[in-house]
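Residue-level structure breakdown
Listed below, chain by chain, are the residues.
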Amino acid sequence: MSNLELYLDLLSQPCRAIYIFVKLNEIPFSFHEVCIFKGGHLTGEFVKVNPMRKVPALKDGNFTLIESTSMLLYLVRKYKTPDHWYPSDIQKRSRVDEYLAWQHTNTRYYGCKVFWNKCMTPTLVGHEAEPEKINRCVAEFKIILTHIETLFLKDQLFLTGDEISVADLVAIVEIMQVVASGVTVFEDFPKLDAWKNRVKEAIGSDLFKEAHESVVNIKEQHLDSMPLEMKTFFKSKLLKYAY
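The rules behind the values
- Residues numbered from 1 in each chain as written.
- Predicted model: local features only at pLDDT ≥ 70, side-chain atom pairs only at ≥ 80, totals over all residues.
- Heavy atoms only, no water.
- UniProt positions renumbered as here; feature names shortened; annotations may be inferred.
- Helix = DSSP H or I, 4+ residues; strand = E, 2+ residues; numbered from the N terminus.
- Buried < 20%, exposed > 50% of the residue type's maximum accessible area, 1.4 Å probe, protein only.
- Contact = heavy atoms within 4.5 Å.
- Salt bridge = Lys/Arg side-chain N within 4 Å of Asp/Glu carboxyl O.
- Phe/Tyr/Trp six-rings, centres within 6.5 Å; stacked < 30°, edge-to-face > 60°.
- Axes fitted to C-alpha atoms, helices over the stretch in contact; angles between N-to-C directions.
- Parallel < 35°, antiparallel > 145°, perpendicular 65-115°, else oblique.
- Nonpolar A, V, L, I, M, F, W, Y, C, P; charged D, E, K, R; others polar.

Under an unreviewed UniProt entry, the name given to the protein chain is glutathione transferase, and the source organism is Pelobates cultripes. Looking at the protein chain in UniProt, the text filed under Subcellular location (unreviewed entry) is "Cytoplasm". What the UniProt record of the protein chain gives under Subunit (unreviewed entry) is the line "Homodimer."

Structure, rendered in structure tokens:
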């Protein structure tokens, strides 16, 4: 039996990237579901694994990791996954590293900004965000998509070359978070739309759907039943993206 334990909530973008990666590479693991909208990340048991109180978290025997990109690279190295995920060629690998370093304050930040203002605001404060604010957030995110298309994808099949890498997984789950919030993002970016379809094909439509089912149905499955105390808790996070 594997000692690898993953603490995940598939509402979370990096959790989905890790889940897709281990499933695709048939890495055996124990799945511990941490329901953040029910406060699962605040419980004593989980806090022992990740004192930062965030998902995902990885535990392999007595070894733990609390940052998602480090988890992906740990899994690549430990399980010696196919080279395309994180190429041995130093220049190809550096392209993957480049996107992983860039995305934290770009794709992730601006995608979260759209998601929290567009999707979470009605649940947390009882009314939709102002249209001007939503339009500004979407416009900012489309600048990020332009950068992804022109600086990373270029004329390649995938973000860092002609084979899928962990960079593509990290990117697609962030963009799908915005899609799940009700914003159409691919219609103005045909090259990215074609890339999305290639990523989906490489992952497999069933696994892609499985990984995103929870967030695509977030309102019905999660937001409508969120406890009042968790709404209050998450209001403070909303302020981070409320400008």
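Anyway, onward from the coordinates.
It is worth spelling out the overall build of the protein chain at this point. Along the protein chain, the regular secondary structure elements total 11 helices and four strands. Oriented by its inertia axes, the alpha-carbon framework of the protein chain measures out at about 50 × 45 × 30 Å. Out of the 243 residues belonging to the protein chain, those deemed buried represent 51%. For the protein chain, contacts bridging at least 24 residues in sequence account for 71% of all contacts bridging at least 6.

We now examine the pattern of salt bridges. On inspection of all chains with the given rule, the structure shows nine salt bridges. Between D188 and K142 there is a salt bridge; the shortest N-O distance is 2.9 Å. Note that D188 is positioned in the loop between α7 (166-180) and α8 (190-203) and K142 in helix α6 (residues 131-153), a separation of 46 residues in sequence.

Tracing the sequence through the fold places K196 in helix α8. In this structure K196 touches I172 and F186, once residues within four positions along its chain are discounted.

Looking now at the packing of aromatic side chains. All chains considered together, the criterion is met by 13 aromatic pairs. Where F21 meets W85, the ring centres are 5.3 Å apart and the plane angle is 80°; that geometry is what we call edge-to-face. Here F21 is found in helix α1 (residues 13-24), whereas its partner W85 is found in the loop between α3 (68-79) and α4 (90-103), with 64 residues between them in sequence. Among the residues examined, W85 registers a relative accessible area of 4% and is labelled buried. Each ring, one from Y99 and one from F152, has its centre 5.2 Å from the other, and the planes form 90°; the classification is edge-to-face. One end of the pair, Y99, is in helix α4; the other, F152, is in helix α6, and 53 residues separate them in sequence. Y99 sits in the buried class, given a relative accessible area of 0%. A relative accessible area of 7% places F152 in the buried class.

Further remarks concern the environment of A211. If you trace the backbone, A211 turns up in helix α9 (residues 205-216). A211 sits 38 residues away from V173 along the chain, and the two C-alpha atoms are 9.1 Å apart. Ignoring sequence-local partners within four residues, the contact set of A211 consists of L10, R16, Y19 and I20.

Moving on: the packing of α4 against helix α5 (residues 107-125). As a packed pair, α4 and α5 sit with axes 6 Å apart at the nearest point and diverge in direction by 40°. Here α5 runs oblique to α4, going by the angle between their axes. Contact with α4, carried on its side by Y99, W102 and Q103, involves T107, R108 and Y109 of α5 and no other residues of that element. Here the contact of α4 with α5 is built from residues that sort into three nonpolar, two polar and one charged.

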